[in-house]
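# Observations on chain architecture
Here are the chains, one letter per residue:
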Amino acid sequence: MLLKQLQYFMVVAECRHFTNAAKQLYVTQSALSQQINKLESDLGIKLINRISHPIELTEAGNEFYIGAKKILADVEELQAGMSRWHSAKCSTLKLGIISGLGRIKIAEWLSEFNTQYENVQFSLVNHLSKELCRRLNEGSLNLAICASSPSFNVAYDFETRLLEREPFLAILPTNHPMAGEDKFDLSKAANEKYIFPTEDNLSHDIFLEECKKAGFSPNVISYTNRPGRRIELVKAGLGISLISKSGLSFYNSGEGAVAKELVTPFYKEIVMARKKRESYSFIENSLWNFIEAKMNCTQKHG
């Protein structure tokens, strides 16, 4: 019994006419009859009563029709599922990634993902979070791993997953009057000189918002996005700064500067984000779920 024979039988059963069925299948009537005869011969059962006009299914034919319909539906579903794998093998995913990722081992994860989907290609761009969100919103990225803030998120209709949450720390010169305190109280530092990230950096907005909550507008005398450079400027006595915990660990501060936890902590939240759509491709969903599972595993094991 061949799949083609099942398909031919289904059309004949629904048309109740060999000539019309042959036209619908784009085969000759004799070729169609041969396939149906072969099917009945293999089964040893008559499926169609050819004497009646229009033709009718025998009792066995009706039962066979129900089973064949289910088989063909299963085959169609299987083919659809396999087509997703074919599309996965021909996909290029465009990812936007920030530099400071904390414990997020994105390079290792993408490499592992690629062992499952060998022909998936990644197009990676590295920018600040605001730029990545702009590109994600306009559709030039499939996914972004970037910093997030409540006030910034309202501007975009994104689906997000929290990947990492780490505290910001204060960086002070070792000879600063507040360097000996257990924690840094931002509300007592209204008169300080500050070294901030640039305005296109989301951390700039977060720092401004936290200073506002503390009751003052900061006196920013220098801007730089590089954590190491901010630490160097603090060591030189230019001012004080704020930095994420991972930023501090990546750039060894050494002598000349100290890091202090905040009395009222606030955090750098790194999220995986994608623009909300009605549906996503198989490979987009696969990568999304893969990264989410990897991060859950990382958090579980500390």
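Values in this document were obtained by computation on a predicted structure and should not be read as measured data. (Residues numbered from 1 in each chain as written. Predicted model: local features only at pLDDT ≥ 70, side-chain atom pairs only at ≥ 80, totals over all residues. Heavy atoms only, no water.)

### A closer look at the overall build of the protein chain
For clarity, the threshold we go by: We count a stretch as a helix when DSSP gives it H or I for four or more residues in a row; a strand needs E for two or more, and each element gets its number in order from the N terminus. In this treatment the radius of gyration is a C-alpha quantity, and the globule benchmark scales as 2.2 Å times the residue count to the 0.38 power. Contacts: residue pairs with any heavy atoms within 4.5 Å of one another. Residue exposure ignores everything except the shown protein chains as possible cover, and the areas themselves are Shrake-Rupley values with a 1.4 Å probe. Neither His nor the chain termini are counted; the positive set is Lys and Arg, and the negative set is Asp and Glu. Lys charges are placed at NZ, Arg charges at CZ, Asp charges at CG and Glu charges at CD.
Within the protein chain, the regular secondary structure consists of 11 helices and 11 strands. What you see for the protein chain is a C-alpha radius of gyration of 33 Å, clearly larger than the 19 Å of a compact globule of 302 residues, by over 25%. Overall, the protein chain is about 105 × 30 × 30 Å in size when its C-alpha atoms are taken along their principal axes. Sequence separation of 24 or more characterises 71% of the internal contacts of the protein chain that already satisfy a separation of 6 or more. Carbon and sulfur atoms form 50% of the exposed surface of the protein chain, whose accessible area is close to 16,900 Å². Between the averaged position of the 36 positive side-chain charges in the protein chain and that of its 34 negative side-chain charges there is a distance of 2 Å.

### Describing the environment of Pro218
The residue Pro218 is located in the loop between helix 8 (202–213) and strand 8 (219–223) in this model. The spatial distance from the C-alpha of Pro218 to the C-alpha of Leu169 is 16 Å, given a sequence separation of 49 residues. Contacts of Pro218, omitting those with residues within four sequence positions, involve Tyr194, Phe196, Leu208 and Cys211.

### Observations concerning the packing of aromatic side chains
Applicable threshold: In summary, the pairing rule links any two rings of Phe, Tyr or Trp, Trp by its six-membered ring, whose centres are within 6.5 Å, and it sorts them by plane angle into stacked for under 30 degrees, edge-to-face for over 60 and tilted for everything else. The buried label applies to any residue whose accessible area, calculated with a 1.4 Å probe on protein chains only, is under 20% of its type's maximum; exposed applies above 50%, and partly exposed to all values in between.
Applying the stated criterion across every chain yields a total of 12 aromatic pairs. Seen in terms of ring centroids, Tyr194 and Phe216 are 6.1 Å apart; in terms of plane orientation they differ by 25°. Their pairing is stacked. Pair noted here: Tyr194 is in strand 7 (residues 193–196) and Phe216 is in the loop between helix 8 and strand 8, with a separation of 22 residues, a long-range link. Each member of the pair Tyr194 and Phe216 is classed as buried.

### Looking at the nonpolar core
Test applied: What is meant by a nonpolar core is a set of buried Ala, Val, Leu, Ile, Met, Phe, Trp, Tyr and Cys residues, joined one to another through side-chain atoms within 4.5 Å.
With 33 residues, the main nonpolar core has Ile104, Ile106 and Ile145 as its most contacted residues. Of all the secondary-structure elements, those providing two or more residues to this core are strand 3 (92–97), helix 5 (106–116), helix 6 (129–138), strand 5 (143–148), strand 6 (158–173), strand 11 (267–275) and helix 11 (282–300). Top element by residues in this core is helix 11. It accounts for 7 residues. Other than its neighbours up to four places away in sequence, Ile106 contacts Ile97, Leu101, Ile145 and Ile291. Within the second largest apolar cluster, 21 residues are counted, among which are Tyr8, Ala22, Ile48 and Leu72.

### Side note on the environment of Ile97
Within the fold, Ile97 resides in strand 3. Spatially, the C-alpha atoms of Ile97 and Lys38 are 61 Å apart, while their sequence positions differ by 59 residues. With near-sequence residues (within four places) excluded, Ile97 lies in contact with Ile106, Leu124, Val125, Asn126, His127, Leu132 and Ile145.

### Some words on the state of the cysteines
Rule in force here: In this description, a disulfide is simply a cysteine sulfur pair whose atoms lie within 2.5 Å.
One pass over the full model with this rule turns up 0 disulfides. A disulfide-free cysteine, Cys133 has its sulfur positioned 3.9 Å from the sulfur of Cys146, the nearest such atom. According to the relative accessible area criterion, Cys133 is buried, its value standing at 4%.

### A word on helix 2 (residues 18–25)
Because each turn of an α-helix spans 3.6 residues, side chains separated by three or four positions in sequence point in the same direction. Keep this limit in mind: Each C-beta atom gives one direction from the helix axis, and the arc is the one those directions make.
Of the positions making up helix 2, those classed as buried are Phe18, Ala21 and Ala22. Around the axis of helix 2, the buried residues are gathered within 100° of arc, so they sit on the same side. Buried residues along helix 2 sit in contact with helix 1 (3–15), helix 3 (29–43) and strand 1 (48–49). Within two residues after helix 2, Tyr26 carries a phi angle of roughly 60°, on the positive side.

### Focus on the packing of helix 1 against helix 2
The criterion, for reference: Note on geometry: axes are C-alpha line fits, over the in-contact stretch for helices, and angles between N-to-C directions span 0 to 180 degrees. Angle categories: roughly parallel below 35 degrees, roughly antiparallel above 145, roughly perpendicular from 65 to 115, and oblique for all the rest. Crossing handedness is read from the near helix: turned anticlockwise from the far helix by less than a right angle, it gives a left-handed crossing, and turned clockwise, a right-handed one. Note that Gly is not counted as nonpolar here; it falls among the polar residues with everything else outside the nonpolar set of Ala, Val, Leu, Ile, Met, Phe, Trp, Tyr, Cys and Pro and the charged set of Asp, Glu, Lys and Arg.
Put simply, helix 1 and helix 2 touch, their axes get as near as 8 Å, and they point 130° apart. Taken together, helix 1 and helix 2 sit at an angle that is classed as oblique. For the crossing formed where helix 1 meets helix 2, the hand is right-handed. Contacts from Tyr8, Val11, Val12 and Cys15 of helix 1 reach helix 2 at Phe18, Asn20, Ala21, Gln24 and Leu25. Along the lines of polarity and charge, the residues of the contact of helix 1 with helix 2 split into 7 nonpolar, 2 polar and no charged.

Everything listed here is a matter of coordinates, which is why it stays silent on function.
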